[in-house]
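A structural walkthrough
Here is what each chain is made of, one letter per residue.
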Amino acid sequence: MAGLVAAARARELGAQVVVLEKGDRVGGSMLLSSGVVWRHCTLEAFRAECPGGDPELQARILEELDSGLDWLESLGAKVTERETGNERTVGRRFDPSLLTDALVGAGGEVRLQQPFEEADVLATGGFGVRLAREWGLLLRASPWSEGDGLAYGLARGADLTAGMDEFYGRNLPVAVPEELFVSAAQVYGAHALVLDDEGREFFAGEPSWSETDLVQATARLPAATAWYLVDGRALRRQVRARTVAEIVEVARAAGGDVRPAEELPFELPLSSKLVEPPLLAIRVRPAVTHTTGGLRIDEDARVLRPDRSAIPGLHAAGADAGGIFTGGYGSGLAAALVFGRRAAESAVGR
Ligand SMILES: Cc1cc2nc3c(=O)[nH]c(=O)nc-3n(C[C@H](O)[C@H](O)[C@H](O)COP(=O)(O)OP(=O)(O)OC[C@H]3O[C@@H](n4cnc5c(N)ncnc54)[C@H](O)[C@@H]3O)c2cc1C
């Protein structure tokens, strides 16, 4: 997202641009995404949800997202919904495939299977692949974001942000193919009794609406796996457009471990969440979508050194740029759009 946005904007400003893409297709994780490009309604809400993030970068997203969305539409990207369906956020849903086509059309030349060696704008999607491998987690993203942009920035003297051990992801039943990344996500932790492998509650309080905090807590368990226990009442609950029962069914169909809770190898704790039969247990494993920490940038997406001076000619955007959503969750597509555009403008001297 960030690389194609930067290319399209730089070309619009008269620059000659080449996008170097490591993968064998364009679009990165953007192509796999739900395509909802959104922001929090107010800066206060953004700050409350991502308290460790840089307030100036957050303010830039708040100020520039709406015009960025109009710009995407002006390039021919097709909006499928003008609401996010979430009262906490505003934004638009794009068809990811048509969004990719529109950006490629505007961005010009993309060379596939060509990892970059030199770059003005780093946009390699963070280091989620490496984090998933090192922590023994699943991957819910395109398979090429190993942290190459991060390594390049560090070699040029860049500073890192806080939150290098944070990520945005979902709990999945098993490793699933890309086309199930959205539908197989088990997003009903708020309605479930959540236990570790030995039957202990490990997550204090209610998960946030995005459940990013619950996913990260699961990832930090020694076995990095948890059980979601639901009863008949929870199975009827609605989460976005589906019932919990329907989401559990996707887990079962994908080969997940879904069993009567009585068959768990530990005694069930007494809980107000386990009242009405049937009681079901679903095993979940965290899957990384993208990392939250990364290279430190300023409001023009210039990569900064530890003394906060800018490294000449080096920009980063998308998940390569960290420190925006630290401590919480926000729209990775929105950050990629806003800072991809700013990176291009700064790189061509606007
Ligand atoms: C299933 C799913 C659903 C999602 N839904 C949403 C949503 O609705 N809303 C939202 O805001 N976010 C969503 N996201 C997250 C969103 O897709 C990411 O935040 C966004 O794509 C990040 O943009 P990026 O440019 O940093 O990375 P990407 O879009 O992944 O692009 C990075 C690109 O860099 C390439 N690359 C990696 N290394 C190199 C290298 N060395 N040289 C050259 N190229 C390299 C990669 O192959 C990739 O094409 C979703 C993600 C997934 C997987």
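Residues numbered from 1 in each chain as written. Predicted model: local features only at pLDDT ≥ 70, side-chain atom pairs only at ≥ 80, totals over all residues.

Within the open sheet, the 3 strands sit side by side as 6-16-15. Their pairing is mixed. Of all strands in the sheet, those with a lone pairing partner are strand 6 (121–122) and strand 15 (302–304), marking the two edges. With 2 bridges joining them, strand 6 and strand 16 (residues 310–316) adopt parallel strand pairing. Each residue of the ladder has a partner; that of Leu-122, found in strand 16, is Ala-316. (Pairing = 2+ DSSP bridges. Helix = DSSP H or I, 4+ residues; strand = E, 2+ residues; numbered from the N terminus.)

Take the site of the ligand next. Every one of the 38 residues lining the ligand counts as a neighbour, but Gly-28, Ser-33, Gly-125, Gly-318 and Gly-332 are closest to it. In terms of residue count, helix 10 (residues 332–347) provides more of the shell around the ligand than any other element does, 4 residues in total. When grouped by side-chain class, the residues that make up the shell around the ligand number 18 nonpolar, 16 polar and 4 charged. (Near = placed C-beta within 6 Å. Nonpolar A, V, L, I, M, F, W, Y, C, P; charged D, E, K, R; others polar.)

The contact between helix 3 (residues 55–74) and helix 10 brings their axes to 9 Å, and the two run at 85°. With respect to helix 10, the element helix 3 is oriented roughly perpendicular. Residues Arg-60, Ile-61, Glu-64, Leu-65 and Gly-68 of helix 3 form the contact with helix 10, whose own contacting residues are Ala-334, Ala-335, Leu-337, Val-338 and Arg-341. Each residue belonging to the contact of helix 3 with helix 10 can be placed in one class, and the counts come to 6 nonpolar, 1 polar and 3 charged. (Axes fitted to C-alpha atoms, helices over the stretch in contact; angles between N-to-C directions. Parallel < 35°, antiparallel > 145°, perpendicular 65-115°, else oblique. Contact = placed C-beta atoms within 7 Å.)

Our next topic: the domain arrangement of the chain. Assigned domains of the chain: these are domain 1 (2–166 + 292–347) and domain 2 (170–287). Using C-alpha coordinates to define each centre, domain 1 is positioned 30 Å away from domain 2. On the domain 2 side, the residues contacting the 13 residues of domain 1 number 16 residues. Here the side of domain 1 that touches domain 2 is built from residues that sort into 6 nonpolar, 4 polar and 3 charged. (Domains from an automatic or database assignment.)

With 11 of its 12 residues buried, strand 14 (residues 280–291) lies for the most part within the structure. For strand 8 (residues 167–172) and strand 14, the ladder comprises 6 bridges, and the chain directions are antiparallel. For Phe-167, the partnering residue across the bridge sits in strand 14 and is Thr-291. As defined by bridge partners, strand 10 (residues 226–230) adjoins strand 14 across 5 bridges and the pair is classed as antiparallel. From the neighbouring strand, Val-230 faces strand 14, where its bridge partner is Leu-280. One ladder, built from 3 bridges, connects strand 13 (residues 258–260) with strand 14; its direction is antiparallel. Looking across to strand 14, one finds that Arg-259 is bridged to Ala-281. (Buried ≥ 20, exposed ≤ 12 C-beta atoms within 10 Å, placed from the backbone.)

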